Structure formats: structure tokens, C-alpha cells
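# Examining the three-dimensional arrangement
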Amino acid sequence: MKPESEPNMEVEWGKRRKQEYGGYLPLEIGCGQEWFHGLERNIRRYNCGRTAIYEAAQAIKADVKKICIPYYICQTVVDAIEQAGIEVKRYSLNENLEPAEEIRVDGGTGVLVVNYFGLKDGFIKEISQKYAHMILDCTQAFFFDPVMRVGVSNIYSCRKFIGVPEGAYLIGQDTSAEQLEEGSAWESYSFLCKAHELGTNRAYKDSLENEKRLGAHKEGMSPLTRRFLQGVDYHFIAKRRKENFKKLHELLGGMNRFDVQRWGGTPQCYPLWLSKNAGRQLKEKLLKKSIYIPTLWKECRELCGKNSLEAEWSSNLLCIPTDQRYSPWDMEFLSVTILKAMEEIKQ
């Protein structure tokens, strides 16, 4: 009898039949584990967050005919739920980015809540225990621990925190969401390679083309992206983002209309909510200095009315980058630049 430690050669030969030998060397990608390792039974992997939202909605449509979602959200989320054949009902938010009023539901209604900017961990944990069917949109909160409760789907986007062109997770204790066939993403990595050598602005149009590709197909996460995600230093990313957030708040917190000091989580960005009409002008000035600030969800201005909080955020909320590319020194530079631009606007 062979020792247990000796491999079964028939099995090993079977595994290696498709293995290639020789030729040029492939990419060197670090070996490690994905952030959500240990949850394999509860996880589904997709190409993007909107696919994960769609599959989460599909999985509960037998029990849920309507889902309550905030007005302040990307239209692609609305589209994904409606494509799954579920009606959408909207609700407004207060100044803490929480429901302005209690969300009332019946047995056939679910609720979607958003962990905005990765900073609403405490609120999300609390409300996640309240409704029978919930989708927790954590696409801005990659490091939020998934709520493992029956009826809850946690949705994560890799691209908002890590340099990959696609990738999303759906995690749930009892998820019946379908795991779609793996997609292919090797062509999608070209714009990230271009940006590495020429800068993000030179590859911006290429990144928009990648967005179109993601929206055109619903498929599983590619093997290449999964391998990249196994080589990421997640602890460094979380630590650096928190350090950068802290530095920005020290320097800019006095003008921020959000009470972010009372919030908690690992930030996607630093959300700086400015006084009326300052946001648009400031973004234009920063753009000229190669500081790119996105405008979130312009459709809220028409959907909610010009006097709504949602419209106000769309116009005057600056999502200042805090990601791992930068150090606290970069946050000081950004803060000084923003303060100088604000002075120019006042003049």
C-alpha cells in the first residue's frame, strides 16, 4: 500500500493533461487569498455589481414583487432590478444618508439599502436585522463584513477598491442566486496597463469602453481577475484609505456639511458636502489641475426636484479620492489646492 502522502499519479496525470510546458513566461501574480475567503459556500462571483444586483433580485422574485430603493443611487441598480421583473418603489434620505422616514413593507416587499462611501457600517448592521428580504448594496464598502442572515444578500464591487477592470461578489447565508459561467477579461486589462504608463486621463476613454462591455453582458468573474484578487494586500489598502480619510477630515472637516466624524467604516472616498453652488465651480477648477472629481447620479436633479437633498448632493458633493495610490502627504496637497480654489470662488 502506498503512503497517504504520495500522490495518486492517475489523478495527477488527469489534472495535467491540459497543462502547457515551455515557451515564454506568463504574468507573475502573487499567490494568496481573496478577501472573502472562507465563505465559498455562500459566495457568487460576477463581472460587475449590476450583474450581482440582478442575480440577487432574480433569486428572491418568487417571494418579492417589489423592492424599496433610495432615490440617491445609480440608475443601473434600478435597471437591474426592473430587468429581473421586480417593481421598484423609491424612498428619500435624510442628512445622514439614512431613510428620511420609516420604510413600511408588506410580506411581498424587499428593501435595498446602501452603505454610502463605505462609512455607514453601524447603520447598515442595525437596519439589516429589520426586514425579511434585504439587499445590502456594499459596492462602496468593500471591507464591510457581510451580514450572514437568512434573506439578506450582500453585494460588493471589486473595481471601486482594487485595480481590476471587473469583478463583484454576492454573499448570502442562504443565497440561491445562480453562479454564471466565467467570463473572459484579458482584453479589458489593456486600459489599466495604458493608465499605468501614460496616466489615468490618457486611458479615460478606454475605461468608458470597458464600462460599456460590462453593461452588455451578464457573466461570472473571469479567472484572470480572480487570480489578481488573490494577490492583493487588502490590509494595506484598508489601512491606507483610513489614514488618508483621517488626514482629509483634519484639514477639510470644518467645511463639511456631513457629520462624517460620527460614521464608521473603510472609506471609498472622502465625501465633502459643500454649501450651495460651490460644488460645480470647484470641480471645474480642480479639473484644470488634473484632480478628477466624479459627479454622482445627475438624474437625481430631475427625479427628486431641485430643492431635494439628493439634487443638492448631485451638485455640491465632492468625492475626494482616499485610495491606496496616495499618502497622507497627497491628502495635504489636495486639501491646500481645494482651500485655495474655494478662496478664488468666494472672490
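Figured I'd write up the structure that's included with this text. This one's a predicted model, so the numbers in the text were calculated from it and none came from an experiment. (Residues numbered from 1 in each chain as written. Predicted model: local features only at pLDDT ≥ 70, side-chain atom pairs only at ≥ 80, totals over all residues. Heavy atoms only, no water.)

When you line up the elements, Ile171 lands in strand 7 (residues 168-171). Overall, the relative accessible area of 0% leaves Ile171 in the buried class. Between the C-alpha atom of Ile171 and that of Ile43, which follows or precedes it by 128 residues, the distance is 4.6 Å. Setting aside chain neighbours within four positions, we find Ile171 in contact with Phe36, Leu39, Asn42, Ile43, Pro146, Met148, Val152, Ser153, Asn154 and Tyr156. (Helix = DSSP H or I, 4+ residues; strand = E, 2+ residues; numbered from the N terminus. Buried < 20%, exposed > 50% of the residue type's maximum accessible area, 1.4 Å probe, protein only. Contact = heavy atoms within 4.5 Å.)

So, about the environment of Gly49. Within the fold, Gly49 resides in helix 2 (residues 49-60). For Gly49 and Val232, which are 183 residues apart along the polypeptide, the C-alpha to C-alpha distance reads 20 Å. Here Gly49 is in contact with Ile155 and Ala168, once residues within four sequence places are set aside.

As a further point, take the side chain of Thr175. Among the secondary structure elements, Thr175 is positioned in the loop between strand 7 and helix 5 (190-198). A polar side-chain atom of Thr175 sits 3.1 Å from the main-chain amide nitrogen of Ala177. When residues no more than four places from it in sequence are discounted, the contact partners of Thr175 are Asn42, Arg44 and Leu170. (Polar contact = N/O pair within 3.5 Å; in protein donor to acceptor, adjacent residues only side chain to side chain.)

Another aspect to go through is the packing of aromatic side chains. Taken as a whole, this structure holds 22 aromatic pairs when the rule is applied. Look at Tyr72 and Trp297: their rings are 4.6 Å apart centre to centre, the planes differ by 80 degrees, and that puts the pair in the edge-to-face class. Residue Tyr72 is located in the loop between strand 2 (66-70) and helix 3 (75-83), and its partner Trp297 is located in the loop between helix 9 (278-287) and helix 10 (300-303); the two are separated by 225 residues in the primary sequence. Exposure class is identical for Tyr72 and Trp297. Each is buried. Geometrically, the ring pair formed by Phe143 and Phe161 is edge-to-face, given 5.9 Å between the ring centres and 75 degrees between the ring planes. Placement of the pair is Phe143 in the loop between strand 5 (134-137) and strand 6 (152-157) and Phe161 in the loop between strand 6 and strand 7, with a sequence separation of 18 residues. Side by side, Phe143 and Phe161 carry an identical accessibility label, which is buried. A network of ring pairs unites the aromatic residues Trp35, Phe36, Phe142, Phe143, Tyr156, Phe161, Tyr169 and Tyr234 as a single cluster. Against the face of Tyr54 rests Lys218, its NZ or CZ located 4.7 Å from the ring centre. (Phe/Tyr/Trp six-rings, centres within 6.5 Å; stacked < 30°, edge-to-face > 60°. Lys NZ or Arg CZ within 6 Å of the ring centre and 35° of its normal.)

For the rest of this paragraph, the subject is the sheet that holds strand 1 (residues 43-46). In space, the seven strands of this open sheet follow the order 1-7-6-5-4-2-3, with mixed pairing throughout. In this open sheet, the two edge strands, each paired with only one partner strand, are strand 1 and strand 3 (87-91). This sheet shows a mean twist of 20 degrees between the axes of neighbouring strands, independent of strand direction. Where strand 6 and strand 7 come together, four bridges link them in antiparallel fashion. Among the inter-strand pairings, Tyr156 is bridged to a residue of strand 7, identified as Tyr169. Seen against the sheet, helix 2 touches strand 1, strand 2, strand 4 (109-114), strand 5, strand 6 and strand 7 and runs at an angle of roughly 25 degrees to strand 7. (Pairing = 2+ DSSP bridges. Axes fitted to C-alpha atoms, helices over the stretch in contact; angles between N-to-C directions.)

Compared with the 27 Å implied by 1.5 Å per residue over 19 residues, the 27 Å span of helix 12 (residues 328-346) between its first and last C-alpha is a close match. Taken as a whole, helix 12 has its buried residues at Met331, Leu334, Ser335, Thr337, Ile338, Ala341 and Met342. Viewed end-on, helix 12 has its buried residues packed into an arc of 170 degrees, placing them on one side of the element. Residues of helix 12 that are exposed and angled more than 90 degrees away from the buried face: Trp329 and Lys340. Among the structural elements, helix 8 (234-252), helix 9 and strand 9 (317-321) are those in contact with the buried residues of helix 12. (Expected span 1.5 Å × (residues − 1). Arc of directions from axis to C-beta.)

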